[in-house]
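# Examining the three-dimensional arrangement
Okay, here's what each chain looks like letter by letter:
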Amino acid sequence: MISFVEMMHLALHVGLPHFLLLSAVLFAIGLFGLFTKKGIIAVLMCIELMLNAVNINFIAFNHYMPATDLSGQLMALFSIAVAAAEVAIGLALAFRIYHDHHTVNVDDLNHLKG
Amino acid sequence: MNDLILSLHRLIDMGMTMAEELGTPEIILAAVFYVFAGISVLGALGVVLGRNIVHSALCLTASFIGIGCLYIFLSADFLGAVQFLVYGGAVAILIVMAIMLTRREDMAHSNPSRSIPHQLAALVVAGMFLLAMAAVALMSPFQTAPADIGDTVTGIADLMLTKYVLPFEIVAVLLLIAMIGAIILAKGVDES
């Protein structure tokens, strides 16, 4: 078991594990929201949180690993572009669903269930 | 009472010796990291636990901005600016617009959650995921050696138009398709 002082020392020396833990926490919060929220827009917001958590990993690895170029940052940039496309389509779908069914509750949208 | 003051003094002394060992810049870096990480995590919790979906959207924006500040902390200044513009600006406004367009009842209970058993199950799943990821993050022997990569804008532009030119073009086409698709989905096709 490591002592309290050693633990504080580790906690104050910001490095890769801090960012990996932060990203894991944000992803877990997004996952929790994804399972518990009922509104379709709240579910989309939780998906955005999870995508952001992944981007933190890309950029933290690019900064802390012995990298020679900025590939990690570029991957995060592509991920942001795809996420922007995803949120535009998702919100258009949410608007359409509300227009046709007068609800945004995911539990009521089970017409494909046999 | 005296014991309490004595132990407080001992704690402060311990903190001071630790600050001297680490050097002041390390402490400031840690403080900046914890402030922005706290903003992002509290914002994320606000999204999940909020009862009003407009408050959730506001918390989501705060979380995005905290994450953007962390990108700048990681010397990814261009990515930080992109994060502020795309997530803090465009996505936040899009989400608020969608909330406005899909509401008719009152906002106070506009962000309902599932029943308590559902929430407990989700908590267990998310907690197990968090434990697994934390174990992987803390136990993997990563070789860390922060390299000074230089100007990020030039580096990203060079990579984007040489090594990653095909993904770049595909993303451009994807964004165009998504834009047209979103307009058609939201507006509907003119049948005549």
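Below: a short report on this structure. Keep in mind that this is a model prediction, so the values were computed, not measured.

### Quick word on the interface of chain A and chain B
Taken residue by residue, the interface counts 76 residues in chain A and 88 residues in chain B. Where chain A abuts chain B, roughly 7500 Å² becomes buried across the two surfaces, and 79% of that area is made up of carbon and sulfur atoms. Inspection of the chain A/chain B interface yields two salt bridges. Where D69 of chain A meets K163 of chain B, a salt bridge forms, and the shortest distance between an N and an O atom there is 3.9 Å. The interface formed by chain A and chain B contains eleven residue pairs in polar contact (both at pLDDT 80 or more). Mapped onto the side of chain A that touches chain B, the elements with two or more residues apiece are α1 (4-12), α2 (16-36), α3 (40-64) and α4 (71-101) of chain A. The leading source of residues in the side of chain A that touches chain B is α4 of chain A, at 23 residues. Across the side of chain A that touches chain B, the residue classes tally to 57 nonpolar, 13 polar and six charged.

### A short note on the packing of α4 of chain A against helix α4 (residues 77-101) of chain B
Two numbers describe how α4 of chain A lies on α4 of chain B: the axes approach to 10 Å, and their chain directions differ by 5 degrees. Our classification of the angle between α4 of chain A and α4 of chain B gives roughly parallel. Where α4 of chain A abuts α4 of chain B, its residues Q73, A76, L77, I80, A83, A84, V87, A88, L91, F95 and Y98 of chain A lie against F78, L79, V82, Q83, V86, Y87, V91, L94, I95, A98 and L101 of chain B. Taken together, the residues that form the contact of α4 of chain A with α4 of chain B break down as 20 nonpolar, two polar and no charged.

### Comments concerning the pattern of salt bridges
The tally for this structure, following the rule as stated, stands at three salt bridges over all chains. For D100 of chain A, the salt bridge goes to R96 of chain A, with nearest N and O atoms at 3.9 Å. In this pair, D100 of chain A and R96 of chain A are both assigned in helix α4, four residues apart and thus about one turn of the helix distant. According to the relative accessible area criterion, D100 of chain A is partly exposed, its value standing at 44%. Measuring nitrogen to oxygen at the nearest pair gives 2.9 Å for the salt bridge that ties D107 of chain A to R114 of chain B. Of this pair, D107 of chain A sits in the segment after α4 while R114 of chain B sits in the loop between α4 and α5 (116-139), which puts the two residues in different chains.

### Looking at unusual backbone geometry
With a phi close to 55 degrees, H102 of chain A is a non-glycine residue in the positive phi region. Relative to the helices and strands, H102 of chain A is located in the segment after α4. With phi around 55 degrees, S75 of chain B is a residue other than glycine that occupies positive phi space. Turning to its location among the elements, S75 of chain B is positioned in the loop between α3 (53-73) and α4.

### Notes on α4 of chain B
Since there are 3.6 residues in each turn of an α-helix, residues three or four apart along the chain are aligned in direction. In this model α4 of chain B runs 35 Å from its N-terminal to its C-terminal C-alpha over 25 residues, within 8% of the 36 Å that 1.5 Å per residue would give. At V91 of chain B, α4 of chain B shows its largest bend, some 25 degrees. Among the residues of α4 of chain B, L79, G80, V82, Q83, Y87, V91, A92, I95, A98 and I99 of chain B are the ones counted as buried. At its buried positions, α4 of chain B is contacted by α3 and α4 of chain A together with α3 and α6 (152-161) of chain B.

### Here we look at the side chain of N62 of chain A
Residues and elements named next belong to chain A. Within the secondary structure, N62 is located in helix α3. By relative accessible area, N62 is classed as buried at 6%. Polar side-chain contacts of N62 include one of 2.9 Å to the backbone nitrogen of Q73.

### Concerning the nonpolar core
Within the largest apolar cluster, 67 residues are counted, with the highest numbers of intra-cluster contacts made by F19, L26, I41 and L74 of chain A together with L79 and I95 of chain B. Those elements that place two or more of their residues in this core are α2, α3 and α4 of chain A together with α2 (24-49), α3, α4, α5 and α6 of chain B. The contact partners of L79 of chain B, leaving out residues within four places of it in the chain, are I59, Q73, A76, L77 and I80 of chain A together with Y71 and I156 of chain B.

### What to know about α5 of chain B
The terminal C-alpha atoms of α5 of chain B, which comprises 24 residues, lie 34 Å apart, in line with the 34 Å expected from a rise of 1.5 Å per residue. Of the residues making up α5 of chain B, those classed as buried are A122, A126, A134 and A137 of chain B. Next to the buried residues of α5 of chain B lie α2 of chain A.

Rules behind the numbers
Residues numbered from 1 in each chain as written. Chains lettered and ligands numbered in written order. Predicted model: local features only at pLDDT ≥ 70, side-chain atom pairs only at ≥ 80, totals over all residues. Heavy atoms only, no water. Contact = heavy atoms within 4.5 Å. Buried area = accessible area lost by both parts, 1.4 Å probe. Salt bridge = Lys/Arg side-chain N within 4 Å of Asp/Glu carboxyl O. Polar contact = N/O pair within 3.5 Å; in protein donor to acceptor, adjacent residues only side chain to side chain. Helix = DSSP H or I, 4+ residues; strand = E, 2+ residues; numbered from the N terminus. Nonpolar A, V, L, I, M, F, W, Y, C, P; charged D, E, K, R; others polar. Axes fitted to C-alpha atoms, helices over the stretch in contact; angles between N-to-C directions. Parallel < 35°, antiparallel > 145°, perpendicular 65-115°, else oblique. Buried < 20%, exposed > 50% of the residue type's maximum accessible area, 1.4 Å probe, protein only. Expected span 1.5 Å × (residues − 1). Bend = angle between axes of the 7 residues up to and from the residue. Core = buried A, V, L, I, M, F, W, Y, C linked by side-chain atoms within 4.5 Å.

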